[in-house]
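Letter by letter, the chains look like this.
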Amino acid sequence: MNKLYIGIVLLYALLMASCGHSSLTAIENIHHRQQLDSLVATLAKSQVRVDSVPVRVLVMHLKGDFTYYGQPVKEMQVEMKEEAIVRISFHTEKGTLEVLNGLESAFGTGLKEGSGPDLSWKTVEKNIIFTVTDYKGTLLTLGSKEKSYITLYFNQPANNKVTNAYTTVPATGTSDNYRLEVDNSECGYRLYVNGFLALTHLRANTLGVTADINAYLQKGSKQTLTIELLPGVDFDGHPRNRLHQESVVTVAVHKWSDQSCFSPVILQFQTPNADTMIQLEPHYYKAIRASRFAGQSSATINQTFETTIQSFDLPAYATATDIRKIPDARERVLAHYRKLQAAYQGKDTQQLANLLFPLEQSRAMAWHLYKPTDGQAQWKNITDLAHITDTVTLAENASLYITPDGRFAKLIVAGKDDPACYIADANKVYPLDYYVSIDKNNESHFVVE
């Protein structure tokens, strides 16, 4: 009898243990809203908050029996925007190394984001942020006693046409990216990379103005930088007519990659000064090396630099015609901008997809983004922007800038460094000053950002 009783107790214990194990929810298996809904209906919820401005955002904490790559999780926070999962985040109390091994086994080697009081690491294939708080070691010394904080970001399905831009771009052997950093004194400037207007800045004496330039690079390794010195404005904001004696622009081209924190300078260039020193005033102690272009209305300097070999041109290069030969080019380009303005103001995401697909192709190629999830994330940003905006400003009196080869044009506000087309809210300006091409079928396209 005792043996039978003990056997029944042991069987019951095994059944209960089995039931308990089956009730655990593996967070790594939650991929979409439907899977989450079945949990939300049965679990305790706390800290539920709904933010309806500018779009409906639902945030809640769920308590239950969760695991993440075998490690227990007591509670997770969920954020949903417009009825779609945006983010799930949670802590693991222990087993940090096992979680990291599980991530790398599923998604491949990740990228170290930083060090110091926090160790932050993310996967390459999916946007998963893995953070160990107040950890002084490295990934190599990480164990299973540390507490980790995990954030899972969900890229919702995007318009297939846009997403496919990131699957059709041929792979490249390089992941180098290039950026300008510019200082200027007593003048304004325009900077062009291979004829593309990359930066316009009219204020005097500013440091560290930057611009990413991958989209402007040409096939091969030799690239051209053009610096146009402008009289600009003085310290009081008054426009100058001539270049000041101390006019100088310093340009550095940095090379960087997602795989390295090291950012070497491949070009450091300063607009030239005169060979002799001059005094600003008689008997004044200060002497300067004056700009060679002092007193001129403007000046242009060309400088070449080399990148790693770019293996292909942007898609629009093959189909673009010479805009300089089109009599009504400005009206054609302005009309294309008006379509974009109407699509944003009408929150017409299908029209936005049609207008911005060529731009996404160029972005994918220039910035080495080849995964559909990259396209989904980028498209989510575009649709989010469309949902928050009511006003898109388009300057009707804008000038048309055409690149030297005639293939691309954009609208610019003459005499200002403001975009001709933009969305503005209380905190930020979102420029929409894209380059336009007109193809052999006489159709306009946004092609370079």
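Residues numbered from 1 in each chain as written. Predicted model: local features only at pLDDT ≥ 70, side-chain atom pairs only at ≥ 80, totals over all residues. Heavy atoms only, no water.

## Focus on the overall build of the protein
(1) Moving on: Scanning the protein from N- to C-terminus turns up 8 helices and 26 strands.
(2) Moving on: Every one of the 449 residues in the protein was classed for burial, and the buried ones make up 45%.
(3) Moving on: A sequence separation of at least 24 residues applies to 62% of the contacts in the protein between residues at least 6 apart.
(4) Moving on: Carbon and sulfur atoms form 52% of the exposed surface of the protein, whose accessible area is close to 23300 Å². (Helix = DSSP H or I, 4+ residues; strand = E, 2+ residues; numbered from the N terminus. Buried < 20%, exposed > 50% of the residue type's maximum accessible area, 1.4 Å probe, protein only. Contact = heavy atoms within 4.5 Å. Areas by Shrake-Rupley, 256 points an atom, 1.4 Å probe, with all protein chains shown as cover.)

## A few points about the packing of helix α6 (residues 329-345) against helix α7 (residues 349-366)
(1) Moving on: Two elements in contact, α6 and α7, have axes whose closest approach is 9 Å; the angle formed by their N-to-C orientations is 145 degrees. For the crossing formed where α6 meets α7, the hand is left-handed. Only Q351, L352, L355 and L356 of α7 make contact with α6, whose side of the interface consists of H336, K339, L340, A343 and Y344.
(2) Moving on: Residue composition of the contact of α6 with α7, by class: 6 nonpolar, 2 polar and 1 charged. (Axes fitted to C-alpha atoms, helices over the stretch in contact; angles between N-to-C directions. Left-handed = near helix turned anticlockwise from the far one by under 90°. Nonpolar A, V, L, I, M, F, W, Y, C, P; charged D, E, K, R; others polar.)

## Here's the deal with the sheet that holds strand β23 (residues 421-424)
(1) Moving on: As summarised here, the arrangement of the 3 strands in space is β20-β23-β24, forming an open sheet in which the pairing is antiparallel. Since the sheet does not close on itself, it has two edges, and those belong to β20 (392-394) and β24 (429-431), each with one partner. When the angles between neighbouring strand axes are averaged without regard to direction, this sheet yields 25 degrees.
(2) Moving on: Pairing analysis gives 3 bridges linking β23 to β24, with the strands arranged antiparallel. Following the sheet pairing, I423 is matched in β24 by Y430. (Pairing = 2+ DSSP bridges.)

## Quick word on the nonpolar core
(1) Moving on: Of all hydrophobic cores here, the largest spans 43 residues; its most connected members are L180, L191, V193, I213, Y216, L225 and L229.
(2) Moving on: When residues of this core are assigned to domains, at least three map to each of domain 2 (173-310) and domain 3 (323-448).
(3) Moving on: When neighbours within four sequence positions are excluded, Y216 is seen to be in contact with V193, N194, F196, L197, A198, Y435, V448 and E449.
(4) Moving on: Counting 33 residues, the second-largest nonpolar core is a separate cluster that includes I323, L340, L359 and L432. (Core = buried A, V, L, I, M, F, W, Y, C linked by side-chain atoms within 4.5 Å. Domains from an automatic or database assignment.)

## A look at the environment of A386
(1) Moving on: Residue placement: A386 occurs in helix α8 (residues 372-388).
(2) Moving on: Put simply, A386 and T349 are 37 residues apart on the chain and 7.7 Å apart in space, counted from C-alpha to C-alpha.
(3) Moving on: In this structure A386 touches Y344, K347 and L352, once residues within four positions along its chain are discounted.

## Details of α6
(1) Moving on: Along its 17 residues, α6 runs 25 Å from first to last C-alpha, staying within 8% of the 24 Å computed at 1.5 Å per residue.
(2) Moving on: Of all the residues in α6, the buried ones are A329, R332, V333, L334, H336, Y337, L340, Q341, A343 and Y344.
(3) Moving on: Phi turns positive one or two residues past the end of α6, at K347, with a value near 50 degrees. (Expected span 1.5 Å × (residues − 1).)

## Quick word on helix α2 (residues 33-40)
(1) Moving on: Of all the residues in α2, the buried ones are L36, L39 and V40. Angular distribution of buried residues about the axis of α2 spans 95 degrees; they occupy a single face of the element.
(2) Moving on: Buried residues belonging to α2 abut β1 (25-26), β2 (44-51), β3 (57-68), β4 (71-81) and β5 (84-92). (Arc of directions from axis to C-beta.)

## Concerning the side chain of T206
(1) Moving on: Position of T206 relative to the elements: it lies in strand β13 (residues 206-212).
(2) Moving on: Separated by 2.9 Å, the side chains of T206 and H201 make a polar contact.
(3) Moving on: Discounting chain neighbours no more than four positions away, the residues touching T206 are V182, D183, N184 and H201. (Polar contact = N/O pair within 3.5 Å; in protein donor to acceptor, adjacent residues only side chain to side chain.)

## Some words on unusual backbone geometry
(1) Moving on: The backbone of N194 sits at a positive phi, close to 55 degrees, despite the residue not being glycine.
(2) Moving on: Backbone geometry at N205 places phi at a positive 55 degrees, although glycine is not the residue there.
(3) Moving on: In this structure N205 comes out as partly exposed when scored by relative accessible area, which is 35%.

## Some words on the side chain of T67
(1) Moving on: As for its position among the elements, T67 is in strand β3.
(2) Moving on: With residues near it in sequence (within four places) discarded, T67 still touches L24, T25, A26, I27, E28, P72 and V73.

## A few points about the environment of Y337
(1) Moving on: On the secondary structure map, Y337 appears in helix α6.
(2) Moving on: Through-space distance from the C-alpha of Y337 to that of Y434 is 8.8 Å; in sequence the pair is 97 residues apart.
(3) Moving on: In contact with Y337, not counting residues within four places along its chain, are L394, K410, L411, C421, L432, D433, Y434, V436 and F446.

## Examining the pattern of salt bridges
(1) Moving on: Scanning the model with the defined rule gives 8 salt bridges in all.
(2) Moving on: Between R33 and D37 there is a salt bridge, with its nearest N and O atoms 2.6 Å apart. You can see R33 and its partner D37 sitting in helix α2, 4 residues apart, about one turn around the helix.
(3) Moving on: Of the residues examined, R33 reaches a relative accessible area of 22% and is grouped as partly exposed.
(4) Moving on: In this structure, the salt-bridge partner of E186 is R240, at a minimum N-O distance of 2.6 Å. Within this pair, whereas E186 is found in the loop between β10 (177-185) and β11 (188-193), its partner R240 is found in the loop between β14 (220-230) and β15 (248-256), the two being separated by 54 residues in sequence. An identical accessibility class is assigned to E186 and R240; each is buried. (Salt bridge = Lys/Arg side-chain N within 4 Å of Asp/Glu carboxyl O.)

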